[in-house]
Amino acid sequence: MHKIVIAAALVAFLAGCQSTPADQSPAPVEDRAAATGAAPGSSGASTSGAGTSGVAGASQGPRADTGAGMAGNPLRDPSNILSRRSVYFDFDSFTVKDEFRPLIEAHGRYLAANRGMRMVIQGNTDERGSREYNIALGQKRADAVKRMMTLLGAQESQIETVSFGKEKPKNTGHGEAAWAENRRDDIVYTGE
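Residues numbered from 1 in each chain as written. Predicted model: local features only at pLDDT ≥ 70, side-chain atom pairs only at ≥ 80, totals over all residues. Heavy atoms only, no water.

Each helix and strand in the protein chain was counted, giving five helices and four strands. For the protein chain, buried positions account for 35% of its 192 residues. Partitioning the intrachain contacts of the protein chain with sequence separation of at least 6 by distance along the chain shows that 67% fall at a separation of at least 24. Entry remark: accessible area of the protein chain is about 11000 Å², with carbon and sulfur atoms responsible for 57%. (Helix = DSSP H or I, 4+ residues; strand = E, 2+ residues; numbered from the N terminus. Buried < 20%, exposed > 50% of the residue type's maximum accessible area, 1.4 Å probe, protein only. Contact = heavy atoms within 4.5 Å. Areas by Shrake-Rupley, 256 points an atom, 1.4 Å probe, with all protein chains shown as cover.)

Time to look at the side chain of Arg85. In this fold, Arg85 is placed in the loop between α2 (33–36) and β1 (86–88). At 2.9 Å, the side chain of Arg85 and the backbone oxygen of Leu75 are in polar contact. In this view, Arg85 contacts Leu75, His107, Asp185, Asp186, Ile187, Tyr189 and Glu192; residues no more than four positions away in its chain are not counted. (Polar contact = N/O pair within 3.5 Å; in protein donor to acceptor, adjacent residues only side chain to side chain.)

Running from N to C, helix α3 (residues 101–113) and helix α4 (residues 131–151) point in directions that differ by 55 degrees, and their axes come no closer than 8 Å. Between α3 and α4, the crossing angle belongs to the class labelled oblique. In this structure, α3 crosses over α4, and the sense of that crossing is right-handed. Two secondary-structure elements touch here, α3 through Arg101, Ile104, His107, Gly108 and Leu111 and α4 through Val145, Met148 and Met149. (Axes fitted to C-alpha atoms, helices over the stretch in contact; angles between N-to-C directions. Parallel < 35°, antiparallel > 145°, perpendicular 65-115°, else oblique. Left-handed = near helix turned anticlockwise from the far one by under 90°.)

Okay, the sheet that holds β1 next. For sheets, the rule is that strands pair by backbone hydrogen bonds, running either parallel or antiparallel. If you trace the four strands from one edge of the open sheet to the other, you get β1-β4-β2-β3, paired in mixed fashion. Strand pairing shows two members of the sheet lacking a second neighbour, β1 and β3 (159–165), which therefore form its edges. Direction aside, neighbouring strands of the sheet carry axes that sit 20 degrees apart on average. Bridge analysis of β1 against strand β4 (residues 184–189) gives three bridges, and the strand direction is antiparallel. Bridging across to β4, Ser86 finds its partner in Asp186. (Pairing = 2+ DSSP bridges.)

Glancing now at the packing of aromatic side chains. Inspection of the entire model under this criterion finds two aromatic pairs. Centre to centre, the rings of Tyr88 and Phe100 are 5.9 Å apart; their planes meet at 50 degrees, and the pair counts as tilted. Separated by twelve residues along the polypeptide, Tyr88 in strand β1 and Phe100 in the loop between β1 and α3 bring together distant segments of the chain. For Tyr88, a relative accessible area of 22% puts it in the partly exposed group. A residue is classified by how much of its surface remains accessible, and Phe100, at 10% relative accessible area, is buried. Sitting over the face of the ring of Phe164, Lys168 holds its NZ or CZ atom 4.6 Å from the ring centroid. (Phe/Tyr/Trp six-rings, centres within 6.5 Å; stacked < 30°, edge-to-face > 60°. Lys NZ or Arg CZ within 6 Å of the ring centre and 35° of its normal.)

Now for the nonpolar core. Val96, Leu111, Met119, Val145, Met149 and Tyr189 are the most contacted members of the largest nonpolar core, which totals 23 residues. Elements that contribute at least two residues to this core include exactly α3, β2 (119–124), α4 and β4. (Core = buried A, V, L, I, M, F, W, Y, C linked by side-chain atoms within 4.5 Å.)

The next thing to look at is the pairing of β4. Counting buried residues along β4, five of its six residues qualify, which places the element largely inside the surrounding structure. The pairing of β2 with β4 spans five bridges and is antiparallel. The partner of Met119 across the bridge, within β4, is Tyr189.

Confidence in the prediction of the protein chain, expressed as mean pLDDT, is 75, and 63% of residues score 70 or more. Scored below 50 in pLDDT, residues 7–70 makes 55 contacts in the model with residues more than four places away or belonging to other chains. (pLDDT = per-residue confidence, 0-100.)

Right under this line is the structure:
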């Protein structure tokens, strides 16, 4: 009899501990292709439908996109911090350097203001160390940047992390200059 009472209490307890998932419905996306004459998904169309005014590092308010270039897309505007996509690390470290904090903050705020946007943070290492060690270090680097972005308001569901370890070098050289280029996270927005 005691076992039945304990089992029933355990079931009731576990049922009370269940959490309900937050609203998972996707944010509405405005199709501006018809208004600009650009093909959907092309560089002339915005994928978020949300303005970027007030977002650190974003363009100064929404601009009319003429379809003639990337003037309306802060992610591809070379004069905008959001066009920079790599965060570099010291040897054997996953601590974000102070010089890259403004870049990470700009991307985190951009995601917070554009809930329909998604990204992948790709962790990379230099060639030194075993494959297993480098995969783990690359993952820690990607997770460190994701953690900073979520603290700034980006949603966990907007950011995926992956580690390539030493498999995707930016520089194939074998000295400190090459290794420094390879110790990085790359930020890749979905659909680019």
